[in-house]
Amino acid sequence: MSSRARKLLAPARLTKWAVSGPPFVFLLLFFVLPGVIMVIASFRYPGEFGGLAPLAAADPNTLHGFTLETYRFFFSDLIYTEIFIKSFLVALATTLICLVMAYPLALLIARSPKKRRDLMVLLVILPFASSFLIRVYAWMILLGPQAALSQLANGLLGVLGIAPVHLLFSPFAVLIAMVYVHLPFMVLPLYTNLEKHDPNLLDAAQDCGANAWHRFWRVTFPLSLPGIFSGSTLVFIPVLGMFAIPDILGGTGDMLVGNLIKEQFLVTRDWPFGSTLSIMLTLAVLLFVWIAAKLGTTRGRYA
Amino acid sequence: MNHNLRALLLLLLLSGNALAEDVLHLYNWNNYISAETVARFEQQCACRVEQDYYSDNEEMLAKLAAGASGYDIIVPTGNAMESLIRQNALRPLDKSRLPRLKNINPAYLDTAFDPGNKYSVPYAYTLTLIGYNAEKMRELGLPTDTWAVIFEPKYLEKVKGRITVLDSQRELMAAALKYLGYSANDTIEAHWKQARDLIIRAKPYWAAFNASSYIKELTVGNIWLVHGYSNDIFQANLDAKKAGRKFTIAASVPKEGAVLSLDSMVLHKNGPQPGLALQFIDFMLDGKNSAELTNLIGSGNPNLDAMRYIKPEIAQDPAIFPDPQHRAHLEMLRDLDRNQRRILSRIWTEIKLR
C-alpha cells in the first residue's frame, strides 16, 4: 500500500473508531465487566445477610476468600441438570411452535403488495405497545375457568367423556404465553429475510419444472435458513431466561432455570450460587448454539 | 447564558427554602398505613411524611444493602429486623420519648429478634393461615381447623385444582413442619425432607404456588381453599362482599399452629430525623391511630389500647385475634444461615420439579 493511500485511510479509520467506540464502551461496561464480576462471584462464599462474604477477614474462622463449593454443589445433585434439560425443552418447544406459526405469516407478508406490507409489519409489532406484564396478566383472564376458552375446551372434552381440565396455572398456560410473547421475534427476522428473495429464482425454478412444493423446499426454504436461525436465537435464548411467565401463569411444577436464578438473588440471598447457575446456563446456551450452527452449515451446504 | 444560569440558581435556592420544613422518611410495606393517619400526623407535627414502599422484606434488605439511605423509619418483619440489628444498621430507641410504649401487649414485646426491645416497637402482625370459601367447605364437609385439609389426599380429592399455597419456601415449609408436629423453625434436614415429601404428595392436588393473585381467585370463586396471609384473606372477603358474591371468605388458625409475622417500627442509623421519628412512633402507639390500620386492612394489632377503636367484627375475628390457646401455637420465623438457605433452596427446587 502506498503512503498516499495510507494517509487517505487514516481519517476513515478515525471515523470507524468514533462510530464503534460508544457501543464498544457500553458493551465493555455493561456486558463484559458484569460478566467478569459474575465469574468472580461464583467462586466466593455468600455473605451472611446476602451479597458476598469478604475476600479477607480479620477473624480467620469466618468464611472468606475463594472456593469451588458452588460448582461442587451444582454437580452434587442431578436436580440442577434436570431443571436445565426441562428449560431447554420448553425453550425448544416454544421456538418450534413460533417457527411453525411465524413462517407462513412472514411468507404472506413478504409476498403481499409493498403497500400492505408495512401495515402488516406494524400489526405484528403492535402488541409491544402495551406492557409485557399486562399482556401476560391478560392470559390469566383468558385462561381462567370462567373464560370462554376453558368452557369451550371442557365442553368438548365433556362430549368425549374426558374429565375437565384447568388451563390456567399449567404447563400449557406457560407455553402459550411464551409463544405469544416471543412470536414477533420470529416473524420479523424471517420477514426481513424472505422479503429479499429474488422472485426470478422461483420463476426460473418453475421454468425448470419444479412444482410449488419443490419451489418452496429447494429454493425458498434453504435461502431462508439465516432468517430461521436468527429468529430461533431471538426466541430460544430469552425463553431460557424467562421467569415472569412461569411465575404468573405456571402451576405447581412450572419452575424454569430463570426462576431458579432469580430465587438465588431475591429469596435465598446466595449470589455465588446464582452466579454459578448463570454461568452454567451461558455455557449450555453457547454449546447449544454451536451445535445448531454446525448443523446449520451442513444443511446449508447440502442445499 | 450567564443570566439564565443565575436565574436557575436562584430558583434552586428558592425551592430549597420551600422544602425546608421537616420531612419524615418512612419506608413501609405497600398499603400499610391509612391516609388519614398520615394526614393527622402531618398536621400535628407540622411536617411532611414522605413514603417509600416495599412488598417484601428481601426487597427492602436488598435495597438497603445496595446503599439506599435517608430513611428514618422502616417497618421490617422480625427476621429481617434481626438481620438489620446484626448489621448494626439501626439506632437504639430513646424510650423516655415513647411514653405510650406501655400500650403494647407484653406478649409481643421482648422477642428473640430484639431482646428488651432496644431497637423496635411492634406495629402490626399478620398470620399465615387457611383461607376458604365458607359455603364450599361446608358443602364438601371439609375441616377448616387443621393443615390436614391442605396436605392430606383424602381431603384434597374433593378440592383438586381449587387450592393455592404460598409461593414462599419458608411459609410452606413452616406449614408442613407444623402439621408434622415440628417447630416452624426446625432446621434438621431429615425433618425438612419429611416436609418435602408431604408437600410433594399433596402437590398434584394444588392449582398453583401463588403469592398474590389468590386474593382475586378467592373473590371470584375459582379457588376455594388457600394457604395465605390473614390480611389478604380479609381483603378477599371485603372484595367478595363488595362484588355481591353469594359466598363468604373466611380464615382460621389451624390447631397445629401457624406462623406469626410481627412487623416493628425501627429507626435507621442514617435517618436524618431521629427526633421526628420517635415522635411518629409514639403517635402510632396511640390506640386510635393504631386501630385505623387494623380497620383498613384487617391486620393483627399488638396495641391493647387500640382494641376499643377496632370494629367489633374484626376484634372478635379469631383469625385476626386468636384466643390464648391458639396463640400459644403461633411461631415467628427466624432467619436461616447461608448453608441452611442453600439446602432449603435445593429442597424447594425438588418440590417444584417433582
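Rules and cut-offs
- Residues numbered from 1 in each chain as written.
- Chains lettered and ligands numbered in written order.
- Predicted model: local features only at pLDDT ≥ 70, side-chain atom pairs only at ≥ 80, totals over all residues.
- Heavy atoms only, no water.
- Phe/Tyr/Trp six-rings, centres within 6.5 Å; stacked < 30°, edge-to-face > 60°.
- Helix = DSSP H or I, 4+ residues; strand = E, 2+ residues; numbered from the N terminus.
- Buried < 20%, exposed > 50% of the residue type's maximum accessible area, 1.4 Å probe, protein only.
- Lys NZ or Arg CZ within 6 Å of the ring centre and 35° of its normal.
- Expected span 1.5 Å × (residues − 1).
- Arc of directions from axis to C-beta.
- Polar contact = N/O pair within 3.5 Å; in protein donor to acceptor, adjacent residues only side chain to side chain.
- Disulfide = S-S within 2.5 Å.
- Contact = heavy atoms within 4.5 Å.
- Buried area = accessible area lost by both parts, 1.4 Å probe.
- Salt bridge = Lys/Arg side-chain N within 4 Å of Asp/Glu carboxyl O.

Topic: the packing of aromatic side chains
- Under the defined criterion, the tally for this structure stands at 32 aromatic pairs over all chains.
- For the pair Phe26 of chain A and Phe30 of chain A, a centre-to-centre distance of 4.9 Å together with 55° between the ring planes defines the contact as tilted. Residue Phe26 of chain A and its partner Phe30 of chain A are both found in helix α1 (residues 3-42); the two are separated by four residues, about one turn of the helix. Like Phe26 of chain A, the residue Phe30 of chain A is exposed in the burial classification.
- With 6.0 Å between their ring centres and 85° between their planes, Trp206 of chain B and Phe209 of chain B make a pair best called edge-to-face. Per residue, the accessibility class of Trp206 of chain B equals that of Phe209 of chain B, and both read buried.
- Over the aromatic face of Phe73 of chain A sits the side chain of Arg342 of chain B, whose NZ or CZ is 5.7 Å from the ring centroid.
- Between the NZ or CZ atom of Lys352 of chain B and the centre of the ring of Phe209 of chain B, over which it lies, the distance is 5.0 Å.

Focus: helix α5 (residues 132-143) of chain A
Residues and elements named next belong to chain A.
- The end-to-end C-alpha distance of α5 is 17 Å, a good match for the 16 Å that 12 residues give at a rise of 1.5 Å each.
- For α5, the full list of buried residues reads Arg135, Val136, Trp139, Met140 and Leu143. The buried residues of α5 occupy an angular sector of 165° when projected down its axis, which confines them to one face. Opposite the buried face of α5, by more than 90 degrees, sit the exposed residues Ile134 and Ile141.
- Capping of α5 at its N-terminal end is provided by Ser131; its side-chain oxygen lies 3.1 Å from the backbone amide nitrogen of Leu133.

A word on the state of the cysteines
Residue and element names in this part refer to chain B.
- For the structure on display, the rule yields one disulfide over all chains.
- Here Cys45 pairs with Cys47 through a disulfide, and the sulfurs are 1.9 Å apart. Its S-S torsion of approximately -75° makes the covalent link between Cys45 and Cys47 left-handed. When sorted by exposure, Cys45 lands in the same class as Cys47, which is buried.

Concerning the interface of chain B and chain A
- Counting residues at the interface gives 33 residues for chain B, matched by 40 residues for chain A.
- Counting the surface lost from both chain B and chain A, the interface buries some 3,200 Å², and carbon and sulfur atoms represent 51% of this.
- Interface area lost by chain B to chain A is led by Arg338, Arg341 and Arg342 of chain B, which between them contribute 26%.
- Counting every contact that joins chain B to chain A gives six salt bridges.
- The salt bridge partner of Arg342 of chain B is Glu69 of chain A, with a shortest N-O separation of 3.0 Å.
- Between chain B and chain A we count 14 residue pairs in polar contact (both at pLDDT 80 or more) in total.
- For the side of chain B that touches chain A, the secondary-structure elements that each account for two or more residues are α4 (78-86), β7 (208-210), α10 (214-220) and α16 (338-353) of chain B.
- The element that contributes the greatest number of residues to the side of chain B that touches chain A is α16 of chain B, accounting for 12 residues.

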